[in-house]
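# Coordinate inspection notes
These are the residues of each chain, in order.
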Amino acid sequence: MTATFDDLCARVQRCFACSSMNHVHVLGDVNGRLDADVLFVAEAPGRLGAARTGIPMTSDVTGRRFHSFLADAGLDRDRVFITNAILCNPLSASGNNRRPRASEVAACREFLAAQVNVVRAPVVVALGGVALESLRRIEPHDAELASHVGRAIAWAGRTLVPLYHPSIQSTLTRPHDRQRRDWRRLGKHVRFALSKN
Ligand code: SF4
């Protein structure tokens, strides 16, 4: 890891800008390699997932679905970097995961922008609407999740692909088989982008 990334991780560890949060600060070597083929941006560390293990997309249903989709796309976990629009775990008063507030996503955006800058993956994947919107605020794009899912969009000198978040709740909007197809399309976009590099 470079000094720049180490500095970024150290700054994140010291951040307590959001008050109503489990401050797990999931960013480090465990997120993946800086020369990744794909940068995945999800929503937030989950209570039973990264908030518990410290490793993105592990230990819960979302993590298992993510890895199954990775296999559908023909992608290797060792070749990707996984992060979130916010780096801590937003909890409700009853202790369950909740959707991050716009103010929290805004507060963490400088860290997301820094990661986009440091992780020079040719393909960036927004996993869900929260990530897609935060990336839009970093560099404008016209993508909407429902209409652009699985499509390759030119963005910031790279390819941006919107996908649904791999949580089981997303199947209420996008059935599982459709999501598998979306991920297979992602695999093609990644192979095409890599062939041009
Ligand atoms: S979510 Fe981001 S901005 Fe909020 S406290 Fe955690 S690191 Fe800081």
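Everything that follows concerns the structure shown earlier in this document.
All values derive from a computational prediction rather than experimental measurement.

Reading guide: rules and limits
- Residues numbered from 1 in each chain as written.
- Predicted model: local features only at pLDDT ≥ 70, side-chain atom pairs only at ≥ 80, totals over all residues.
- Helix = DSSP H or I, 4+ residues; strand = E, 2+ residues; numbered from the N terminus.
- Rg over C-alpha atoms; globule rule 2.2 N^0.38 Å.
- Pairing = 2+ DSSP bridges.
- Axes fitted to C-alpha atoms, helices over the stretch in contact; angles between N-to-C directions.
- Buried ≥ 20, exposed ≤ 12 C-beta atoms within 10 Å, placed from the backbone.
- Contact = placed C-beta atoms within 7 Å.
- Parallel < 35°, antiparallel > 145°, perpendicular 65-115°, else oblique.
- Left-handed = near helix turned anticlockwise from the far one by under 90°.
- Nonpolar A, V, L, I, M, F, W, Y, C, P; charged D, E, K, R; others polar.

A separate point is the overall build of the protein chain. Counting its secondary structure elements, the protein chain contains 7 helices and 7 strands. Computed over C-alpha atoms, the radius of gyration of the protein chain comes to 15 Å, within 12% of the 16 Å expected from 2.2 N^0.38 for 197 residues, which places it in the range of a compact globule. Viewed in the frame of its principal axes, the protein chain has a C-alpha envelope of about 40 × 40 × 30 Å.

In this section: the sheet that holds strand β3 (residues 80-84). Across the sheet, 5 strands lie side by side as β3-β2-β5-β7-β6; this open sheet has mixed pairing. Each having just a single partner strand, β3 and β6 (153-155) make up the two edges of the open sheet. Each neighbouring strand pair of the sheet contributes to a mean axis angle of 30 degrees, computed without reference to strand direction. Pairing analysis gives 5 bridges linking strand β5 (residues 123-127) to strand β7 (residues 158-163), with the strands arranged parallel. Following the sheet pairing, Val124 is matched in β7 by Leu160.

Looking now at the environment of Gly187. Structurally, Gly187 is set in helix α7 (residues 176-196). The exposure class assigned to Gly187 is partly exposed, which follows from the 17 C-beta atoms found within 10 Å. With sequence-adjacent residues up to four places away left out, Gly187 is seen in contact with Ala73, Gly74 and Leu75.

Looking now at the packing of helix α1 (residues 3-13) against helix α4 (residues 102-118). Any two packed helices are characterised by the angle at which their axes cross and by the distance between the axes. Between α1 and α4, whose axes approach to 11 Å, the crossing angle comes to 165 degrees. Between α1 and α4, the interaxial angle falls into the category roughly antiparallel. When the axes of α1 and α4 are compared, the crossing they make is left-handed. In this structure, α1 contributes Thr4, Phe5, Leu8 and Val12 to the contact, and α4 contributes Phe111, Ala114 and Val118. Looking at the contact of α1 with α4, its residues break down into 6 nonpolar, 1 polar and no charged.

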